[in-house]
Every structure is written in C-alpha cells, then in structure tokens.
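Below, each chain spelled out in residue letters.
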Amino acid sequence: MNSSHRLNKWRTTQKRSVRLVLLVFYIIMYAIHWAVTLSNIDTQIVFAPIAFALAMLSSFLLSLSVTRLPDKSDRQLDERQKSVRDGAYRIAFQILIFTALLVTLVVGNTGISIPDQHRNTFISSLFIWAATLPAAVIAWLEPEPIPDLES
Amino acid sequence: MTIDQDIKNPFPTPIKPLRVRRNRRVLTAISSVFLIAAIVLAFAKLGYLALPALIVSAVLGIVLQFATRNLSNSTNLITDERERALRDHAHRIAYWIMAGVLGGIVGGTFGFLIKQDPSEPVMLVKDFFKLETQVFIFSIAAIFLGLPTSLIAWLEPDALDDTILEN
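Computed from a predicted structure; not experimentally measured.

Moving on, we come to the overall build of chain A. Broken down by element type, chain A carries 5 helices and 0 strands. When the helices and strands of chain A are listed from N to C terminus, the series reads α-α-α-α-α. Counting the 151 residues in chain A, one finds 29% classified as buried. Long-range contacts, defined here as pairs at least 24 residues apart, represent 81% of the contacts in chain A between residues at least 6 apart.

Since there are 3.6 residues in each turn of an α-helix, residues three or four apart along the chain are aligned in direction. Residues and elements named next belong to chain A. Its 23 residues place the ends of helix H5 (residues 119-141) 33 Å apart at the C-alpha level, agreeing with the 33 Å of an ideal helix rising 1.5 Å per residue. Of all the bends in H5, the largest measures some 40° and sits at Thr132, one to four residues before the proline Pro134. For H5, the complete set of buried residues consists of Phe122, Ser125, Ala130, Thr132, Leu133, Pro134, Ala135, Ala136, Val137, Ile138 and Ala139.

Secondary-structure assignment places Val56(B) in helix H2 (residues 47-67). Linking Val56(B) and Phe34(B), residues 22 residues apart in sequence, is a C-alpha distance of 6.9 Å.

Time to look at H2(B). All names here are of chain B. A rise of 1.5 Å per residue sets the reference length of H2, with its 21 residues, at 30 Å; its end C-alpha atoms lie 30 Å apart and thus fit the reference within 8%. The complete set of buried residues in H2 reads Ala50, Ala53, Leu54, Ser57, Leu60, Gly61, Leu64, Gln65 and Ala67. Seen from one end, H2 has its buried residues packed into an arc of 150°, which puts them on one side. Exposed residues lying more than 90 degrees from the buried face of H2 are Tyr48 and Val59. Packing partners of the buried residues in H2 comprise helix H1 (21-43) and helix H4 (131-155). Looking one or two places after H2, you find Arg69, whose phi comes out positive at around 55°.

Thresholds, definitions, all that
- Residues numbered from 1 in each chain as written.
- Chains lettered and ligands numbered in written order.
- Predicted model: local features only at pLDDT ≥ 70, side-chain atom pairs only at ≥ 80, totals over all residues.
- Helix = DSSP H or I, 4+ residues; strand = E, 2+ residues; numbered from the N terminus.
- Buried ≥ 20, exposed ≤ 12 C-beta atoms within 10 Å, placed from the backbone.
- Contact = placed C-beta atoms within 7 Å.
- Expected span 1.5 Å × (residues − 1).
- Bend = angle between axes of the 7 residues up to and from the residue.
- Arc of directions from axis to C-beta.

Right, dumping it as structure tokens:
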C-alpha cells in the first residue's frame, strides 16, 4: 500500500469521533490565538506565533478530515455531497454574519488594540478561519461513514 | 406538531409580475443600485441623502423577500428538494461574496492603519454614532442579510403557469 493510497484511505474512513476531536482542537487553537493576540500579556511575542502555527495546523487537519469537501466543484461531487457542502455553507454564512455583526457592535465604538508585529498574522488567521468554517460545519454534521462494502 | 401535518410556507404566492424572473432581476438591480448609492453617500458624509436611499433599498428588499416567499430563511420542513438545493446554492455564493467584502473591509482598514502608533486601538469605524456611520453599517448589514434573497430572486426561473398545471 503506497503512501498516497494510505492517505486517501485515512481521509475516507475518517471516524466522526476523530473529526470532532479535530474540531475541538480547531476551536481551542483559534480561541487561544485571538485571545493571546488581543491581550497585552508580556509573553505575547512568544506565544502568538506558536498559537498561530497551531491554528493553521488545526485548519489543515480539519480540512483533510472532511476530504476538502467545501473546496470541491460540482463535477467532483455526487448529489448527496453537493447537498452536504451547500448546507454547510448556509450554516457557515449565518455564523459569519452573526460574528461580523457582534464584532461591529462590541468593538465598533471602542476599537481593538493589536500590536503592530501581530497584525498580519491576525488578519491571515481571520481569512483562514473564514475559509475553513464550512469544513468545521461539515465535521460537526456529517454522520459516521458507512463501512466500505469491499473491505 | 406531528409529521403528518401539512406544513406550508406562510408566505403567500407572489403576485404574477413577481413570478417572472426578468422583473425580479430588475428589482434586484434597482435595490442594489440604491444600496450602493447609500454607501457612497454615507462615505461622502451626506447622511441625509444616504438614509432615504437605504430605506428605498430595504423596502425593495422586503418586496424581493415576498417574491421569493422568504426561501432564504425557510426551514427544511417547508421546502422541497429543489427549493433546498436553490437556497443552499445561493448561500454558498453569498458566503464567498461576503467573505471577500468583509476581508476587503478588514484588510483595508488594517492596511490603511498599519503605520499608526501600535499602542493606539484600531478603529474599524470612526464616530460610531454619527448618522453616516450608522447608515454605512446598516447598508453593509443589509447587503449580507439580503444577499441570499437577491441571489435566489436572480437565479430562480419563471414560475410555471398555474393553468398548465390545472389542465
């Protein structure tokens, strides 16, 4: 069994419990990264890049665990997968709207303090979070895979 | 509520002109023009002109909501497979438009302020309670809240003529 086949097998036989663990890891890492970046603690300069790297890793693993379903075009998917993907985007859309409105209301008048050296990573993490949010929704909603009939 | 009960969409069937895609597209275009005008006027600090533009756009948005029978906010219980597919597809397109616009706003704000004193807070909006700022915020919110509906109004084909079905 070559490595690409093993990776493919790992993706398609992903258990829901594994996806949920990755989802929790994803949420915690982003929460830590944003909390560390927006706080004014002295050790921020060390912890912020580590938290950023772990958040990126969690996004990558989460995206792999749902076989990168949200990024696939219609031609690569069957009807059920298309329905799952589009449904995930609908929920992600509502989460993003709610978050954007909440952030505007909370920090709209006061502003937020982000140290100069962390502004780029903070914006990058926001973009990557938004890009992987549908994958997080799929990781939560998608049921346990049906065992392969061939195996 | 039991599963046997016939759950129907509470929104009435739209009037005949709104069942035609061309008319819905015209309404969507006019609503978008007014919304963009509201944003531009708010930027130009003409709040007293931006507010009416936003109100007109909001009214047209409500008309579109009725024209699409509020499909964008309908639950799975009151939609069939085709409507669900259309609703979710519209949200998928809206998601990427929204991510792009929000990304542009946030990225642009930070990029613009990158040279400011790091100890000063980054202000996403200035003079939060001014009329222009409020109109701007509500216009952006209206874009996002109305985007799936506008896309559905744009994509949904002409409704079938009832007489065909009856015959």
